[in-house]
Amino acid sequence: QLIAKEHGWKVDMQGFTKGLESQKNRSREAAVVNTDDWVIIKSGINESEFIGYESLSADVEIVKYRKVKSQKNEFFQIVLNKTPFYAESGGQVGDRGYLQNGEEKIYIEDTQKENELYIHISKKLPSDVNATFKAVVNPEKRTLTANNHSATHLMHKALKIVLGNHVEQKGSLVDENHLRFDFSHFSKLTNEEIVKIETLVNDKIRENIPLTELRNIPIEKAKKMGATAIFGEKYGDFVSVIIFDKDYSVELCGGTHVKATGQIGIFKIISETAIAAGIRRVEAITAGKAQDFYNSQIAIINDLKGLLKNQKDVIKAVNSLLQQNNELQKQIDELNNEKVNNIKDDLINKIEISNGINFIAEKVNLDAATIRNLAFGLKNAVNDMFLVLGSEKDGKANLTVMISENLIKEKGLHAGNIIREIAKEINGGGGGQPHFATAGGKNPQGILNAFKKAKEML
């Protein structure tokens, strides 16, 4: 509405609201999911037994399945009598892998949890749902995810040590590629704080602290141990506790973890941002991803050294180049100012007087910023001015219109309205304020016709 008002237009708010509601309805329809009834293969099984802490494979049977349809997708939800697949929980994503019977492989795209049932998501069903299958978890994904999950625990404690005990977990996401951790804190982390956090975590990794995993212990006992709860997680009467050094990290967690911290290899924070008032988000990588990150940074430094003729002090060499560049830029700015002044004087000499208005129309070989400076320079130097400048770059045309303030009041001229008309000659469009407007188009050959049309408009 504000932009339209500047151009002298009105917004059809009734039409906008109608269109917005139509789009909302389309979004709702696209999000509708149709779920078939469960097809029961084995009755009387209300819970899935998770055996994924001990094993990444198992002989399993299908208990039940159902088809799920959305507007753009169709898949199956499969429940097994037992499963090595970890279901998404506590910020850790679900496992992927496959079910195999003979030569047939049914790939599991994701694993979710619903009413204590582990739901295995697949794009197709096995040809024989009554068969016995070998359920196999993707071991690489599980290992990399465990690296990131355990690193999250180490980092959580490091955040408390470096920033203070006010730090509380507000959310997390852990997969095979990275870890994301949201926490309460009142300010942006400094580079020094990030280095301290990374150093603490990497020190704990090098200590190769063995995992202590306590399963199915009373929650009151876990609390007495000082176990930290995960934000948003619901706990029953019995819980699992993950310990990496009882004096360092003790947390309630049902996720999968490394057997010892040395497996994580390396920890590196790659970003730190705000996501809400008083809530920060850290993203980090570990193991091979972190190694790749460091290798890429070293490659950049080596390339930089090559460009700088292998000078030993790269920072000093870059600072020297920046200083030289600043000095050269000053010289360029001075030359551009001189060039603009010369062009300005030349244009003043080419003024045509039409109906008491100083009309200037000229094609110039300048960039957009310099043209703007030129236009405002002419406005200060020439009274009663109607200026039209054209330029061509990379096969495209640009137009600029500048009008003296008194002509806007006395003659009713409006640069934005004028440029919309003359921009048609360059197969383009534009707009702007009453005194200054710009336009772009695809037809540089039309610039002279735009000048002619502007003059006719006087």
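Cut-offs applied
- Residues numbered from 1 in each chain as written.
- Predicted model: local features only at pLDDT ≥ 70, side-chain atom pairs only at ≥ 80, totals over all residues.
- Heavy atoms only, no water.
- Pairing = 2+ DSSP bridges.
- Helix = DSSP H or I, 4+ residues; strand = E, 2+ residues; numbered from the N terminus.
- Axes fitted to C-alpha atoms, helices over the stretch in contact; angles between N-to-C directions.
- Contact = heavy atoms within 4.5 Å.
- Salt bridge = Lys/Arg side-chain N within 4 Å of Asp/Glu carboxyl O.
- Buried < 20%, exposed > 50% of the residue type's maximum accessible area, 1.4 Å probe, protein only.
- Polar contact = N/O pair within 3.5 Å; in protein donor to acceptor, adjacent residues only side chain to side chain.
- Patch = residues over 30% accessible without salt bridge, like charges linked within 9 Å, V, L, I, M, F, W, Y side chains within 5 Å.
- Areas by Shrake-Rupley, 256 points an atom, 1.4 Å probe, with all protein chains shown as cover.
- Phe/Tyr/Trp six-rings, centres within 6.5 Å; stacked < 30°, edge-to-face > 60°.
- Parallel < 35°, antiparallel > 145°, perpendicular 65-115°, else oblique.
- Left-handed = near helix turned anticlockwise from the far one by under 90°.
- Nonpolar A, V, L, I, M, F, W, Y, C, P; charged D, E, K, R; others polar.
- Core = buried A, V, L, I, M, F, W, Y, C linked by side-chain atoms within 4.5 Å.

1. What to know about the sheet that holds strand E11 (residues 169–174)
If you trace the four strands from one edge of the open sheet to the other, you get E11-E12-E17-E16, paired in antiparallel fashion. The outermost strands of the open sheet, each flanked by one partner alone, are E11 and strand E16 (267–276). The average undirected angle you get between the axes of adjacent strands in this sheet is 15°. Bridge count between strand E12 (residues 179–184) and strand E17 (residues 279–286): six bridges; the pairing is antiparallel. Of the residues in E17, the one forming a bridge with Arg180 is Glu283. Helix-sheet contacts for helix H3 (residues 139–163) involve E11, E12, E16 and E17, and the interaxial angle to E12 is about 25°. Across the sheet, helix H6 (residues 287–307) lies against E16 and E17, angled at about 90° from E17, the strand it touches most.

2. Some thoughts on the sheet that holds strand E14 (residues 238–244)
Strand order in the open sheet formed by three strands is E13-E14-E15, and the pairing between neighbours is antiparallel. Every other strand in the sheet has two partners, leaving strand E13 (212–218) and strand E15 (249–252) as the edge strands with one partner each. Across this sheet, the average inter-strand angle for adjacent strands is 20°, counted without regard to direction. Sheet analysis places E14 next to E15, joined by four bridges and oriented antiparallel. Each bridged residue has a counterpart across the sheet, and for Val241 the counterpart in E15 is Leu252.

3. Focus on the pattern of salt bridges
Following the criterion strictly, the structure yields 23 salt bridges and no others. Taking the shortest distance from any N to any O, the salt bridge between Lys246 and Asp247 comes out at 3.7 Å. Both residues of the pair, Lys246 and Asp247, count as exposed. As a salt-bridge pair, Glu421 and Lys424 come within 3.4 Å of each other at their nearest N and O atoms. Taken together, the salt bridges that share partners define one network made up of Glu54, Glu213 and Arg215.

4. Some points on the environment of Arg281
As for its placement among the helices and strands, Arg281 is situated in strand E17. Each C-alpha atom, one on Arg281 and one on Phe181, is 5.6 Å from the other, the two residues being 100 residues apart in sequence. At 2.7 Å, the side chain of Arg281 and the side chain of Asp182 are in polar contact.

5. Some remarks on the side chain of Arg66
You can see Arg66 is positioned in strand E4 (residues 57–70). Of note is the side chain of Arg66, whose polar atom sits 2.6 Å from the side chain of Gln77. Engagement of the side chain of Arg66 in a polar contact is seen with the side chain of Glu114, the distance being 3.2 Å. Residues in contact with Arg66, not counting those within four places in the same chain, are Thr35, Asp36, Asp37, Trp38, Phe75, Phe76, Gln77 and Glu114.

6. A word on the pairing of E12
For E12, the tally of buried residues reaches five of six residues, placing the bulk of the element in the interior. With five bridges joining them, E11 and E12 adopt antiparallel strand pairing. Bridged to Gly171 within E12 is Asp182.

7. Concerning a nonpolar patch on the surface
Judged by side-chain polarity, Val11, Met13, Phe16 and Leu20 come together as a nonpolar surface patch covering roughly 340 Å² of accessible area. Mapping Met13 onto the fold places it in helix H2 (residues 13–31). On the basis of relative accessible area, Met13 is assigned to the partly exposed category, the value being 33%.

8. Focus: the packing of aromatic side chains
Applying the stated rule across the entire model yields eight aromatic pairs. For the ring pair Phe293 and Tyr294, a centre distance of 5.8 Å and an interplane angle of 75° mean the geometry is edge-to-face. Residues Phe376 and Phe436 carry aromatic rings whose centres are separated by 5.3 Å and whose planes lie at 40° to one another, so their mutual orientation is tilted. Of this pair, Phe376 sits in helix H8 (residues 368–381) while Phe436 sits in strand E23 (residues 436–441), and the two are 60 residues apart along the sequence. Residue class for Phe376 comes out partly exposed when judged on its relative accessible area of 27%.

9. A closer look at the packing of helix H7 (residues 314–349) against H8
Angle between the axes and distance between the axes: these two values describe a pair of packed helices. Running from N to C, H7 and H8 point in directions that differ by 50°, and their axes come no closer than 10 Å. Relative to H8, the element H7 lies oblique. As for how H7 packs across H8, the hand of that crossing is right-handed. In this structure, H7 uses Val340, Ile343, Lys344, Leu347 and Ile348 to contact H8, whose residues at the interface are Thr370, Leu374, Gly377, Leu378 and Ala381. A breakdown of the residues in the contact of H7 with H8 according to their chemical character gives seven nonpolar, two polar and one charged.

10. Section: the nonpolar core
Formed by 28 residues in total, the largest nonpolar core has its most connected members in Met155, Leu159, Phe183 and Phe267. Only H3, E12, helix H4 (191–206), E14, E16 and E17 provide two or more residues apiece to this core. A total of seven residues in this core trace back to one element, the largest contributor, which is H3. Residues Phe386, Ala415, Ile418 and Ala439 belong to the second largest nonpolar core, which totals 23 residues.

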